[in-house]
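# Overview (structure and organization)
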Amino acid sequence: MADLLDADSLRSAVAVLDGWEGGTEAIVRTVGLRSFPAAIAVVDRVAKVAEEMDHHPDIDIRWRTLTFRCVTHAAGGVTTRDIALANRIDRILADAS
């Protein structure tokens with residue numbers, strides 16, 4: 001299992017991500033898409049990546065607004081696995097724009 005990130009490491013890692021915020025307990029990004037089907041298509045792509053990585057975000061779907069929450073539950077906070085997953089989610093969202 002990956003080690004928890006301390007506050008300084010987390011700030012540095014989140015600074016290079018697009019639109020993510022949070023603390024050592026979890027990082028979160030909320031994004032609006034052009035339509036409900038577009039939002040579901042993004043969720044489907046994130047699900048495939050999450051399965052590949054064996055690391056799954058919490059996803060809240062509200063019409064065309066998605067909120068992703070990354071945390072390594074087994075570690076009790078944010079690890080490098082969450083940063084890697086957030087980076088992959090960013091790439092999916094960039095492709096969906």
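Structure first, text after, so check above.
Residues numbered from 1 in each chain as written. Predicted model: local features only at pLDDT ≥ 70, side-chain atom pairs only at ≥ 80, totals over all residues. Heavy atoms only, no water.

### Regarding the overall build of the protein
A count of helices and strands for the protein gives three helices and four strands. In the protein, the succession of helices and strands from N to C terminus is α-β-β-α-β-β-α. Taking 97 residues into account, the globule formula puts the C-alpha radius of gyration at 13 Å, and the protein, at 13 Å, falls close to it. Here the C-alpha coordinates of the protein stretch approximately 35 × 25 × 20 Å along the principal axes. When each of the 97 residues of the protein is scored for burial, the buried share is 41%. Long-range contacts, defined as pairs at least 24 residues apart, comprise 66% of the intrachain contacts of the protein with a sequence gap of at least 6. Summing over all exposed atoms, the protein offers an accessible surface of approximately 5,500 Å²; the carbon and sulfur share of this is 51%. Averaging the positions of the 11 positive and the 15 negative side-chain charges in the protein gives two centres separated by 7 Å. (Helix = DSSP H or I, 4+ residues; strand = E, 2+ residues; numbered from the N terminus. Rg over C-alpha atoms; globule rule 2.2 N^0.38 Å. Buried < 20%, exposed > 50% of the residue type's maximum accessible area, 1.4 Å probe, protein only. Contact = heavy atoms within 4.5 Å. Areas by Shrake-Rupley, 256 points an atom, 1.4 Å probe, with all protein chains shown as cover. Lys, Arg positive; Asp, Glu negative; His and termini not counted. Charge placed at Lys NZ, Arg CZ, Asp CG, Glu CD.)

### Structural notes on the nonpolar core
If you look at soluble globular proteins, the nonpolar side chains tend to sit buried side by side. Ranked by internal contacts, the top residues of the largest apolar core, which has 26 residues, are Trp20, Ile27, Val42, Phe68 and Ile83. Where this core is concerned, the elements lending two or more residues are helix H1 (7-15), strand S2 (26-32), helix H2 (36-53), strand S4 (65-70) and helix H3 (80-96). For this core, the element with the most residues is H3, which contributes seven residues. (Core = buried A, V, L, I, M, F, W, Y, C linked by side-chain atoms within 4.5 Å.)

### A few points about the pattern of salt bridges
Inspection of the entire model under this criterion finds eight salt bridges. For arginine 88, the salt bridge is made with glutamate 52, and the minimal N-O distance between the two is 3.3 Å. Taken together, the residues arginine 88 in helix H3 and glutamate 52 in helix H2 connect sequence positions 36 residues apart. Using a relative accessible area of 24% as the deciding quantity, one classes arginine 88 as partly exposed. The exposed category is assigned to glutamate 52, whose relative accessible area is 60%. Among the salt bridges present, the one from aspartate 58 reaches arginine 69, with a minimum N-O distance of 3.3 Å. Within this pair, whereas aspartate 58 is found in strand S3 (residues 58-62), its partner arginine 69 is found in strand S4, the two being separated by eleven residues in sequence. Among the residues examined, aspartate 58 registers a relative accessible area of 33% and is labelled partly exposed. A relative accessible area of 33% means that arginine 69 is categorised as partly exposed. Through salt bridges with shared partners, one network takes in Asp18, Arg29 and Asp90. (Salt bridge = Lys/Arg side-chain N within 4 Å of Asp/Glu carboxyl O.)

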